[in-house]
Each structure stands twice: as structure tokens, then as C-alpha cells.
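An overview of the molecular structure
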Amino acid sequence: MNGPSLALRQRSLGDPSAEFPLFPPLTRGCPRTSTDEIAYPLEITYDYARVDPRLFEQEPGTDLARWSPLLPPLEAPTLGEGGTPLVEFDGIYIKDESRNPTWSHKDRLNRVTVSAAVASGAPGVVVASSGNHGASAAAYAARAGLPAIVLTSADSPPAVQAFARAYGAKVVSVPAEARWPLLREVVDRLGYHPVSNQTVTHTGHPFGPEGYKTIAYELFLQLGGVPAAVFTPTGYAELLYGMWKGFVELRLLGLTEAVPRMFSCETAAGGPHARALATGAPAAIVELGPSDAYGIAGQVGGHRGVVAVRDSGGEALLVTDEELRAAQRDLARQGLWQELSGAAGLVGHRKLRRDFDGPVVCVATSSGFKDVGVGTERFPVLENPTLDDLAPDA
């Protein structure tokens, strides 16, 4: 049932007829269909006819290897990623990805991409990230016995930088515009395996979204079918597209006739996927305004998010920091403390104000410990406390 990978090859999202061998991973987009203005990502194809249907009879659990036939080869050891809870909240469900080993959804991606580094014989891993991705890549590289370089911006949360350093990664703060040129130099001169984007519009690692498919598989098992709608915090849209592909595979395998509508939830300070969908472009680059939701605040979009929203009949939604803070507080008061960006799915659902004929899932991506400024606030010391001081806040 959980046999070897059935992955076959890489295929361009710009033109499915453009196919390439499974290795080496084409980490700079499709070389045949990309242009100077638009870079097209690649995805992985599988021998679906050989998938054992009992694969979807198992109980949800940790370790992505439980889905190994539908993933690229998993050569890196597990840290116990996946198997995150589905929590009822205000008539919908929250898929709480903060329960992963490094407290974010990025662990699913990095189990797969660091595996590609191991399989490729790379001497190390390099990532440009100001948050969850860098810490997760550092953890999985450490587990696999590989050095890691994390290129981060000077304004990234110090706690997240300390998190990555704790795993032994070389963490270097550089100007934001210098991160990607430096990453490419590390790849070209040192031979390190890149697990983040290197292209003009976002492509990232072709294996990365495959790890996120497992959220769709888990939701299928947890709900006893597929949801009607999924609302997802969206930065580069790898998470959004990966889940969409997982649902499409469930339909392809004959396990469901329906697939959910996928909703991208981006910060109103940027919103490149919303721009691309509104203009009919395959991808877009926008100006970025100020936002504390740094996990989803980006100028550069990619074609994956456009495909997921368009093909599912969903929508691109824009959320504000004020709306995110309100949703973050509401989740925390139910025991779910999320990073500001991680509350975007809930905000998107609230803003849409639409009823669906079936379950609704909002993905919550990361722990509130990752936010800017966490742990820096000082609270007063009560010199002569009384019971009145202990009364609950209004």
C-alpha cells in the first residue's frame, strides 16, 4: 500500500506537453515555456494506474511517507510532519498546520524538497526566507545531515532567526533585493540545492507543492469526503495549488466526483494573484505596501495560484491587517493561537459571506510565536496584588 514513489517526470504548467525527467529538479522554472516576463512552474506526474486504492483507507497520521506512492522519492528522514487536527470553529473547520514539527505548514514542503537535495547528492540546502520556510528548511536539512544557508531580511522576526540558527543553519541578514541574487550564486558556485524561488514570477521548487497535497488527502479522511470550499492564506500559492492538486487526484482516482472551490486569501497590501486573475494574466508582480502579515505579503505571484483558483471556480480575496488581527484574537480565544498571516483563511471566509453546500475548511498555517514583536512586550509587576487584580478582562 505505502510502496515506493510512483512519480514519473516533471511537466510544465505553461504547456503540459513540455515534459522532463524527474531528476534533476528544474528549480528555475520550465526552460521551454518560460519567458523573460513569465516563469512557468513545473509539477510532478505519477503512474496513477498503479496506486493501491487502500492508500485512502488508512487513518490520518504523521509522517508523509504514508502517502509515498503519490509523492516524489522521500530520501530525507521524517520529523513527524502531517496528521494535523481539524478543529470545529463557528460552524466551519480550521485545519491547524501550526501543529507540525516547526509549527508551520512549511514542514510538508521541506520534507519533500530536502529529500530532493539528498537524492541529488547536493552538499547543502539554501533558502531565501524571512520566516517559516527558513526555519523549516533548516530543521529538515539538519535531520538529513546537510548544512543549510538561510538568507533572511534584516526586518524578519529575531525569534524566527534564532529558530533557524538553533538547527545549526548559517543565517545571514541581507537587504531584501540581494537575497535572490545571492541565493543563485550559492547554487551556481557552491552547488547547494535551492528550496525557494529563483525566477521573475514565482516557480519555486517543482517538488514543493507535492508535500502540500497531503493536506487534501487528510481532509478527505477527516471529513469522510472533500469539503465544499477551502480558504487558504496565500503568499506564493504553493500551499493553495498543492491542496488543489491533491483534490484533483482524488477525483482522478475515482474517490470523489466533487472537488472544492479554492479561495486565495492575500494581504490587501499586495495581492499579485488577485491582480493576475482580475486581468487574465498567467502571473503578476505588484507594488507592496506595509503589512505586518509578512508571511503572505509579497510582490511576486506565480501561475500556480491562478490555476487553482480559476480551475476550481474559486475567488481571490484581499484581507487587511485589521481584519487579520480580529480573526487572530477570535481564534486565540478558542485555543488556536495563529500567526497573523495564518488567520487569513478565516478572514477570507468572513469577507465572502457565502453559504456552501458542504463543509468549509479554513487552513491556519503557523503558530503565533512567529509574529513580529512577540516576546518583546513588557508587562507590569503587581507589587501588592489583590483578587480584584485577577478578575478576567472584559
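Calculation criteria
- Residues numbered from 1 in each chain as written.
- Predicted model: local features only at pLDDT ≥ 70, side-chain atom pairs only at ≥ 80, totals over all residues.
- Heavy atoms only, no water.
- Patch = residues over 30% accessible without salt bridge, like charges linked within 9 Å, V, L, I, M, F, W, Y side chains within 5 Å.
- Areas by Shrake-Rupley, 256 points an atom, 1.4 Å probe, with all protein chains shown as cover.
- Salt bridge = Lys/Arg side-chain N within 4 Å of Asp/Glu carboxyl O.
- Helix = DSSP H or I, 4+ residues; strand = E, 2+ residues; numbered from the N terminus.
- Axes fitted to C-alpha atoms, helices over the stretch in contact; angles between N-to-C directions.
- Parallel < 35°, antiparallel > 145°, perpendicular 65-115°, else oblique.
- Left-handed = near helix turned anticlockwise from the far one by under 90°.
- Contact = heavy atoms within 4.5 Å.
- Buried < 20%, exposed > 50% of the residue type's maximum accessible area, 1.4 Å probe, protein only.
- Pairing = 2+ DSSP bridges.
- Phe/Tyr/Trp six-rings, centres within 6.5 Å; stacked < 30°, edge-to-face > 60°.
- Core = buried A, V, L, I, M, F, W, Y, C linked by side-chain atoms within 4.5 Å.

**Notes on a nonpolar patch on the surface**
A contiguous nonpolar patch, built from Trp103, Trp337 and Phe369 and spanning about 320 Å² of accessible area, is present on the exposed surface. Mapped onto the fold, Phe369 is located in the segment after strand E13 (360–364).

**Observations concerning the packing of helix H5 (residues 208–223) against helix H6 (residues 238–252)**
Running from amino to carboxyl end, H5 crosses H6 at an angle of 55°, the nearest separation of the two axes being 7 Å. Judged by the angle between their axes, H5 and H6 are oblique. Considering how the two elements wind past one another, H5 and H6 form a crossing that is right-handed. Between H5 and H6, the contacting residues are Pro209, Glu210, Tyr212, Lys213, Ile215, Ala216, Tyr217, Leu219 and Phe220 on the first element and Glu238, Leu239, Tyr241, Gly242, Met243, Lys245, Gly246, Phe247, Glu249 and Leu250 on the second.

**Observations concerning the environment of Pro233**
Note on placement: Pro233 falls in strand E10 (residues 229–233). For Pro233, a relative accessible area of 7% translates into the label buried. In sequence terms Pro233 and Pro157 are 76 residues apart; their C-alpha atoms lie 19 Å from each other. With near-sequence residues (within four places) excluded, Pro233 lies in contact with Leu239, Cys265, Ile296, Ser341, Gly342, Ala344, Gly345, Val363 and Thr365.

**Focus on the sheet that holds strand E4 (residues 86–89)**
Sheet architecture is open: 6 strands sit in the order E4-E5-E13-E10-E11-E12, paired in mixed fashion. In this open sheet, the two edge strands, each paired with only one partner strand, are E4 and strand E12 (316–319). Ignoring strand direction, the axes of neighbouring strands in this sheet form an average angle of 25°. In this sheet, strand E11 (residues 261–267) lies alongside E10 in parallel orientation, the contact comprising 5 bridges. Each residue of the ladder has a partner; that of Pro233, found in E11, is Cys265. Where helix H8 (residues 303–312) meets the sheet, it contacts E11 and E12, and its direction lies at approximately 135° from that of E11.

**Some details on the packing of aromatic side chains**
Both the distance between ring centres and the angle between the ring planes are used here to describe each pair of aromatic rings. Inspection of every chain in the model, using the stated rule, returns 13 aromatic pairs. An angle of 40° between the planes, with centres 5.7 Å apart, marks the rings of Trp103 and Phe369 as tilted. Residue Trp103 is located in the loop between strand E5 (92–96) and helix H1 (106–119), and its partner Phe369 is located in the segment after E13; the two are separated by 266 residues in the primary sequence. Judged by relative accessible area, which is 37%, Trp103 ranks as partly exposed. Here Phe163 and Tyr167 contribute two aromatic rings whose centre-to-centre distance is 5.5 Å and whose plane-to-plane angle is 40°, an arrangement assigned as tilted.

**A closer look at the nonpolar core**
Phe56, Trp67, Leu70, Met243, Phe247, Leu250 and Met262 are the most contacted members of the largest nonpolar core, which totals 41 residues. Listing elements by their share of this core, those giving two or more residues are strand E3 (42–46), H1, H5, H6, H8 and E13. Setting aside chain neighbours within four positions, we find Trp67 in contact with Leu55, Phe56, Gln58, Thr214, Tyr217 and Leu221.

**What about the pattern of salt bridges?**
Within this structure, the stated rule accounts for 21 salt bridges. Residue Arg111 pairs with Glu81 through a salt bridge whose shortest N-O separation is 2.7 Å. Placement of Arg111 in helix H1 and of Glu81 in the loop between E3 and E4 is noted, with a sequence separation of 30 residues between them. Of the residues examined, Arg111 reaches a relative accessible area of 4% and is grouped as buried. Glu315 is the partner of Arg354 in a salt bridge, and the nearest nitrogen-oxygen pair spans 2.5 Å. In this pair, Arg354 sits in the loop between helix H10 (344–352) and E13 while Glu315 sits in the loop between H8 and E12, placing the two residues 39 residues apart along the sequence. Looking at Glu315, the relative accessible area reads 29%, which means it is partly exposed.

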